[in-house]
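Listed below are the residues making up each chain.
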Amino acid sequence: MARVATRSQRATAADAWSLAGRLVTSWAFLLPTLIFFLGWQLYPVIRVLWLSFTDYHYLRTDAPVHWVWFQNYADAFRDPLVWRGLLRAALFTALFLPGMIFIPMVVAVLVDRVRNPKLATIYRVILLIPSMIPGPLIFVLWKWLYSYNIGPINYLLVDVLGLFTLRNAPRWLGDPTLVFPSLAVMEWWWGLGYHTMFFLAGLATIPRELYDAARVDGANEWRIFWHITFPRLQPILLVLVVLRFGTAMAVIDEYLIMGGFNRALPTYTWTVYMWDLGFQLGDWNQSYAAAVGWIGALAMLIVVAGLFWLFRSRD
Amino acid sequence: MATHVKPREDAPRLERSTPAAPRARRPVPWSAIVRHAVLILFSLAIILPLVWVLILSVKSLPDAYTNRIWPQHFDFSHYGYALQHIPTLPRNILNSVIVTTATVVITTIAAVLAGYALVHLSTPGRAVVLGLLVASMFFPTRVTALIAIWEIQKNLDLLNTTWGLIFPYATLSLALSVFIMRGIFETIPRELADAARIDGANAWTMLWRVMLPLVRNGIVVVIIVNFVTAWGEYLLATTLTNDQEVRTLPVVLASASGGMGAWAWPRIAAVYVMAITPGLVAFAIAQRWYMRGLQEGALKT
């Protein structure tokens, strides 16, 4: 009894501590995150928004900066490069998304059926190898794989299989119609293992008895997948669609590494245009670049919000 | 959308543990053959490009020019040659190491502290923090913020410095890292925190003595995620730095396009292999904890 009393006394002391010190202590724990997050994420995004309402050109050092309201946005709506840039990003997204979601789902279902624990681990580890290589290094590797000179893909097509000659061999990254599919394949290669892990985590929650019961009832594998597995993977699928939609619309490293600033290539999207405007073209019209950056972000947010709404109404 | 992971019991192990009536060997079903064939194909598709670049890095120069995939003569000197004859290369490697180490340390500490505060300290105002972090993951922050980040770095006199990259780098995977740690901390029952508090532990000792050993798999995941992000970062490095000596390895590799001498393909390939090896070795070592960390809650989306 005495022990219980001291416990509750201590508990009230702890309550007092938590009431008084909770604010200070807990925000102290959040401080490192907040400093970096506010300083290098939130503030810059807002600062870019502010810039987009001015006529700030970085290299016009002597000219005063004016507040121009929506002038940059009005200009952007008349700028064919902005529209083309958004359309190109959307096109790449449409190519990129299905393979980024469905191939890992199928692979996950296959890996999940592997009963031998050692083999299952080996498959998982191999699939995860690309996710241990940073994105830009993946792009460098695939730039070489697709290369006209040293690429093994064209070596196989030309020298080994003889399907093409050096004259008409496909220019995977130089041909405007081929570059997006080529990049999409590269992205699938990169994302396969990582996304498979998400689906495997979902599959692990499905009890095996469900499958056994279905099999006893005579359901074939396709029906089992469609009626038991797929509905349970849907939440994961929707989250991945939203996340990867965002990734694909705002791709920039791939385009800079593979396509550079060649406007004839579809890789010259709104992100590359923004970079070009802000750090390269003319007198660095950073206010206009800021507007382009925010237009791209808003276009993306609208679709993301639409996706959320679409998926929410279905649940 | 939380998907809790409950690893189910392994069916074959259960069967094996029943000693009665060993099952007759049935022929391997077709579906299993097809399944493994498909998985082996995918595995090969993943491994072969890496094998190709590895072979390229040990090809003799004439073999490299003929493009033959399996060389007639091997030449293992390219690694040493590249390190000696690409003048900035040792510097670039060092830059990458410095920036990556600092980023991983900062982000991991920040994420552990924040994840802990968000779950176990019932921080007032945590909904706002969480909301902002979530929003930043659905916003193309990396692209849209770039112009202002460049401006910040210019005002802080950090443009064209290696260590200045650490600040924006630390935020690249910060939101994700906080989320991973939050997911892991949520697997620790609140009663444990309450019990420790009643026993007089303050917030700091509770984290350090009680919680940290329980979240170490999550920390491995956070370290790996941030290592991969920082080690290969390209966009900020190419925007915020100009001189070859202050740049990091990925920027150097991305601009390499073959050539003579130190820039011959096998030598660049050797640099490439040096660039991807640390990550793969770290993964090989930490693979077990990484997988466990993913299962414990890092994949909760």
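Residues numbered from 1 in each chain as written. Chains lettered and ligands numbered in written order. Predicted model: local features only at pLDDT ≥ 70, side-chain atom pairs only at ≥ 80, totals over all residues. Heavy atoms only, no water.

### What to know about the overall build of chain B
- Secondary structure assignment for chain B yields 16 helices and 0 strands.
- For chain B, with 301 residues in total, the buried portion stands at 51%.
- Within chain B, contacts between residues separated by at least 24 positions form 72% of all contacts whose residues are at least 6 apart in sequence.
- Split by element, the accessible area of chain B, about 13,900 Å² in all, is 65% carbon and sulfur. (Helix = DSSP H or I, 4+ residues; strand = E, 2+ residues; numbered from the N terminus. Buried < 20%, exposed > 50% of the residue type's maximum accessible area, 1.4 Å probe, protein only. Contact = heavy atoms within 4.5 Å. Areas by Shrake-Rupley, 256 points an atom, 1.4 Å probe, with all protein chains shown as cover.)

### Quick word on the overall build of chain A
- Tallying secondary structure elements over chain A gives 12 helices and 0 strands in all.
- Reading chain A from its N end, one meets helices and strands in the order α-α-α-α-α-α-α-α-α-α-α-α.
- Here chain A has a C-alpha radius of gyration of 26 Å; the compact-globule value for 315 residues is 20 Å, and the former is much larger.
- By principal-axis analysis of the C-alpha atoms, chain A measures approximately 80 × 65 × 40 Å.
- When burial is assessed residue by residue, chain A has 54% of its 315 residues classed as buried. (Rg over C-alpha atoms; globule rule 2.2 N^0.38 Å.)

### Considering the packing of aromatic side chains
- What the rule picks out here adds up to 45 aromatic pairs over all chains.
- Ring centres of Phe29(A) and Trp204(B) lie 6.2 Å apart, and the angle between their planes is 35 degrees; on these two criteria the pair is classed as tilted. Residue Phe29(A) is located in helix H1 (residues 2–51), and its partner Trp204(B) is located in helix H12 (residues 203–211); the two belong to separate chains.
- The cationic tip of Arg113(A) hangs over the ring face of Tyr211(A); the distance from NZ or CZ to the ring centre is 5.9 Å.
- Over the ring of Tyr81(B) we find Arg267(B); its NZ or CZ atom is 3.6 Å from the centre of that ring. (Phe/Tyr/Trp six-rings, centres within 6.5 Å; stacked < 30°, edge-to-face > 60°. Lys NZ or Arg CZ within 6 Å of the ring centre and 35° of its normal.)

### Some points on the domain arrangement of chain B
Residue and element names in this part refer to chain B.
- One can read the domain layout of chain B as domain 1 (29–76) and domain 2 (79–298).
- Taking only C-alpha atoms into account, the centre of domain 1 sits 31 Å from that of domain 2.
- Each side of the interface is counted separately: domain 1 has 11 residues, and domain 2 has 12 residues.
- The junction of domain 1 with domain 2 conceals about 840 Å² of combined surface from both sides, 75% of it contributed by carbon and sulfur atoms.
- If you sort the residues of domain 1 by the area they bury against domain 2, Val53, Ser57 and Leu61 come out on top, with a joint share of 46%.
- Linking domain 1 with domain 2 are 0 salt bridges. (Domains from an automatic or database assignment. Buried area = accessible area lost by both parts, 1.4 Å probe. Salt bridge = Lys/Arg side-chain N within 4 Å of Asp/Glu carboxyl O.)

### What about helix H7 (residues 179–203) of chain A?
All names here are of chain A.
- Given a rise of 1.5 Å per residue, 25 residues ought to cover 36 Å, and the 34 Å separating the end C-alpha atoms of H7 matches this to within 8%.
- The largest bend in H7 comes to about 45 degrees, at Leu192.
- Counting buried positions along H7 yields 20 of 25 residues, so the element is predominantly enclosed. (Expected span 1.5 Å × (residues − 1). Bend = angle between axes of the 7 residues up to and from the residue.)

### Topic: the domain arrangement of chain A
- Taken domain by domain, chain A holds domain 1 (1–41) and domain 2 (71–314).
- Between the C-alpha centres of domain 1 of chain A and domain 2 of chain A the distance comes to 43 Å.

### Observations concerning the side chain of Gln41(A)
- Considering the arrangement of structural elements, one finds Gln41(A) in helix H1.
- For Gln41(A), a relative accessible area of 10% puts it in the buried group.
- For Gln41(A), the contacting residues outside a window of four places in its chain are Phe36(A), Ser136(B), Thr141(B) and Thr171(B).

### What to know about the nonpolar core
- Residues Trp144(A), Phe185(B) and Tyr272(B) are the most contacted members of the largest nonpolar core, which totals 196 residues.
- The element contributing the most residues to this core is helix H3 (residues 80–113) of chain A, with 15 residues. (Core = buried A, V, L, I, M, F, W, Y, C linked by side-chain atoms within 4.5 Å.)

### Some words on the packing of H3(A) against H7(A)
Residue and element names in this part refer to chain A.
- At their nearest, the axes of H3 and H7 sit 6 Å apart, and the two run at 40 degrees to each other. Between H3 and H7, the interaxial angle falls into the category oblique. At the point where H3 passes H7, the crossing takes the right-handed sense.
- For the contact of H3 with H7, a count of residues per class yields 22 nonpolar, 4 polar and 3 charged. (Axes fitted to C-alpha atoms, helices over the stretch in contact; angles between N-to-C directions. Parallel < 35°, antiparallel > 145°, perpendicular 65-115°, else oblique. Left-handed = near helix turned anticlockwise from the far one by under 90°. Nonpolar A, V, L, I, M, F, W, Y, C, P; charged D, E, K, R; others polar.)

### Observations regarding the interface of chain A and chain B
- Contacts between the two partners involve 99 residues from chain A, matched on the other side by 104 residues from chain B.
- Counting each side, the surface lost to burial between chain A and chain B is near 9,600 Å², with a carbon and sulfur contribution of 77%.
- Summed over the three residues of chain A that lose the most area to chain B, namely Phe29(A), Trp40(A) and Met132(A), the buried surface amounts to 9% of that side.
- Across the pair Arg142(B) and Asp253(A) runs a salt bridge, and its minimum N-O distance is 2.6 Å.

### Some thoughts on unusual backbone geometry
- Of note in the backbone geometry, Trp69(A) takes a positive phi value of approximately 50 degrees without being a glycine.
- With respect to the helices and strands, the residue Trp69(A) is situated in the loop between H1 and helix H2 (71–77).
- The backbone phi angle of Asn160(B) is positive, close to 60 degrees, even though this residue is not glycine.
- As for its placement among the helices and strands, Asn160(B) is situated in the loop between helix H8 (146–155) and helix H9 (166–172).
- According to the relative accessible area criterion, Asn160(B) is partly exposed, its value standing at 24%.

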